[in-house]
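Coordinate inspection notes
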Amino acid sequence: MCYIYFGALHHTTDNSGGEMEPYSETNQVDTWNELTLVYRSALKEINTKFEILNDEFQQVHQYNPIEHIKARLKTPESIVKKLKKYGKESTIENMVAYVNDIAGIRVICSFTSDIYRIAEMLSNQSDIKVIEVKDYISNPKPSGYKSYHMIVTVPIFLSDRIVDTMVEIQIRTVAMDFWASLEHKINYKFEGNVPDYIRDELIACASMVSLLDDRMLSLNEEVRKLEAAGKNKEE
Ligand code: 0O2
């Protein structure tokens, strides 16, 4: 049997905890298929974790912090493009070593406060290893982009080994997602050369998104306070 060695950040052990040997001359198609199986499994694991947290929230607090979840595997074309951007050759070893977002999951929340709550709950799970956090909510990108990014690994239990597999998680509000989707489409349309006045308008819209998120959060908190006061009166 051949084993795939998933590079430094994708730690591979056999089921008794022993280290596996790096692979040498494996058929590239088999390797690719095995890799995508592992990344797809990692997406399923993380997706389930978020669903469980959402269900528990519903039970305990009577509301769902997560509006919806989108998961995707990066296409081979996008992987090659990213490797080119990093000045790396398009090999499977480089893809595993340098492309952190082959498996990507986007979690859309109702309110900014939910983003931090959900991120913390996931980070505290014992099988999750947080590799990197980028908080573009506290520190938005110059484009106006806001989102909370985490790179984590999750163990995938195969028949004969455990593979710690990397997943990029982006957590954002509905409003942030709306902005990011349009901005992404505009950038794509203009191939990165967006006219200044459109760029400025996008930055202005990003400020409005932040304002909207803040006001919706305050509104929600006010309603919950009234609900709690109503319940206290009944008791
Ligand atoms: P795709 O097709 O969405 O996956 P990296 O690009 O990963 O080498 P970087 O830029 O430091 O390094 O990573 P970062 O900041 O964590 O961003 C990764 C992803 O966040 C991007 O993936 C986008 O999905 C999203 N993102 C980051 N900045 C912006 C932005 O200004 N606007 C929008 N709409 N999305 C952004 P990819 O690989 O670029 O693309």
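Residues numbered from 1 in each chain as written. Predicted model: local features only at pLDDT ≥ 70, side-chain atom pairs only at ≥ 80, totals over all residues.

Things to note about the overall build of the protein chain
- Within the protein chain one finds six helices and six strands.
- N-terminal to C-terminal, the α/β element order of the protein chain is β-α-β-α-α-β-α-β-β-β-α-α.
- For the protein chain, long-range pairs separated by at least 24 residues make up 64% of all intrachain contacts whose partners lie at least 6 apart in sequence. (Helix = DSSP H or I, 4+ residues; strand = E, 2+ residues; numbered from the N terminus. Contact = placed C-beta atoms within 7 Å.)

Considerations on the site of the ligand
- The environment of the ligand is made up of Ser-78, Asp-101, Lys-134, Lys-141, Ser-143, Tyr-145, His-149, Ala-180, Glu-183 and His-184.
- Counting residues per element, the shell around the ligand draws most heavily on helix α5 (residues 174-189), which supplies three residues.
- A breakdown of the residues in the shell around the ligand according to their chemical character gives two nonpolar, four polar and four charged. (Near = placed C-beta within 6 Å. Nonpolar A, V, L, I, M, F, W, Y, C, P; charged D, E, K, R; others polar.)

Some remarks on the nonpolar core
- In terms of nonpolar packing, the biggest core is built from 33 residues, with Ala-42, Val-107 and Val-167 touching the most fellow members.
- Of all the elements in the fold, those that place two or more residues in this core are α1 (28-61), α3 (92-98), β3 (103-109), α4 (112-123), β5 (148-157) and β6 (161-173).
- If you tally residues by element for this core, the top one is α1, at seven residues.
- Beyond its immediate stretch of four places on either side in the chain, Val-167 contacts Ala-42, Leu-43, Ile-46, Ala-103, Ile-105, Val-152 and Val-154.
- Grouped together as the second largest cluster of nonpolar side chains are six residues, Ala-175, Ala-180, Ala-206 and Val-209 included. (Core = buried A, V, L, I, M, F, W, Y, C linked by C-beta atoms within 7 Å. Buried ≥ 20, exposed ≤ 12 C-beta atoms within 10 Å, placed from the backbone.)

Some remarks on the packing of α5 against helix α6 (residues 196-234)
- Packing of α5 against α6 leaves a shortest axis separation of 9 Å and a crossing angle of 170°. By the criterion of interaxial angle, the relationship of α5 to α6 is roughly antiparallel. Residues Ala-175, Met-176, Trp-179, Glu-183 and Ile-186 of α5 touch α6, and the partners they reach there are Ile-198, Leu-202, Cys-205, Ala-206, Val-209, Leu-212 and Asp-213.
- Broken down by class, the residue content of the contact of α5 with α6 amounts to ten nonpolar, no polar and two charged. (Axes fitted to C-alpha atoms, helices over the stretch in contact; angles between N-to-C directions. Parallel < 35°, antiparallel > 145°, perpendicular 65-115°, else oblique.)

Some remarks on α5
- Its 16 residues give α5 an end-to-end C-alpha distance of 23 Å, which sits within 8% of 22 Å, the value for a rise of 1.5 Å per residue.
- Looking at α5, one finds that the buried residues are Ala-175, Met-176, Asp-177, Trp-179, Ala-180 and Glu-183.
- On its buried face, α5 sits against β3, β6 and α6.
- Remark: Glu-191 follows α5 within two positions and exhibits a positive phi of approximately 45°. (Expected span 1.5 Å × (residues − 1).)

Brief notes about the pairing of β6
- Across the 13 residues of β6, eleven count as buried, placing the element largely inside the fold.
- In the sheet, β3 pairs with β6 via six bridges, with the strands oriented parallel. Bridge pairing links Cys-109 to Thr-173 in β6.
- Taking the residues between adjacent antiparallel strands as the criterion, β5 and β6 are bridged by three residues. (Pairing = 2+ DSSP bridges.)

Regarding the confidence of the model for the protein chain
- For the protein chain, mean pLDDT is 89; residues scoring 70 or higher make up 89% of the total.
- Taken as a whole, residues 19-25 scores under 50 in pLDDT and shows 13 contacts with residues more than four places along the chain or in a different chain. (pLDDT = per-residue confidence, 0-100.)

Overview of unusual backbone geometry
- Positive phi, close to 60°, is recorded for Gln-62, a residue that is not glycine.
- As for its position among the elements, Gln-62 is in the loop between α1 and β2 (66-73).
- On the neighbour-count criterion, Gln-62 (9 C-beta atoms within 10 Å) is exposed.

What about the environment of Tyr-63?
- Here Tyr-63 lies in the loop between α1 and β2.
- Under the C-beta neighbour-count criterion, Tyr-63 is labelled partly exposed, with 13 such atoms within 10 Å.
- With near-sequence residues (within four places) excluded, Tyr-63 lies in contact with Phe-57 and Gln-58.

With respect to the environment of Val-167
- Its place among the elements puts Val-167 in strand β6.
- For Val-167, a count of 24 C-beta atoms within 10 Å puts it in the buried group.
- Put simply, Val-167 and Thr-153 are 14 residues apart on the chain and 6.1 Å apart in space, counted from C-alpha to C-alpha.

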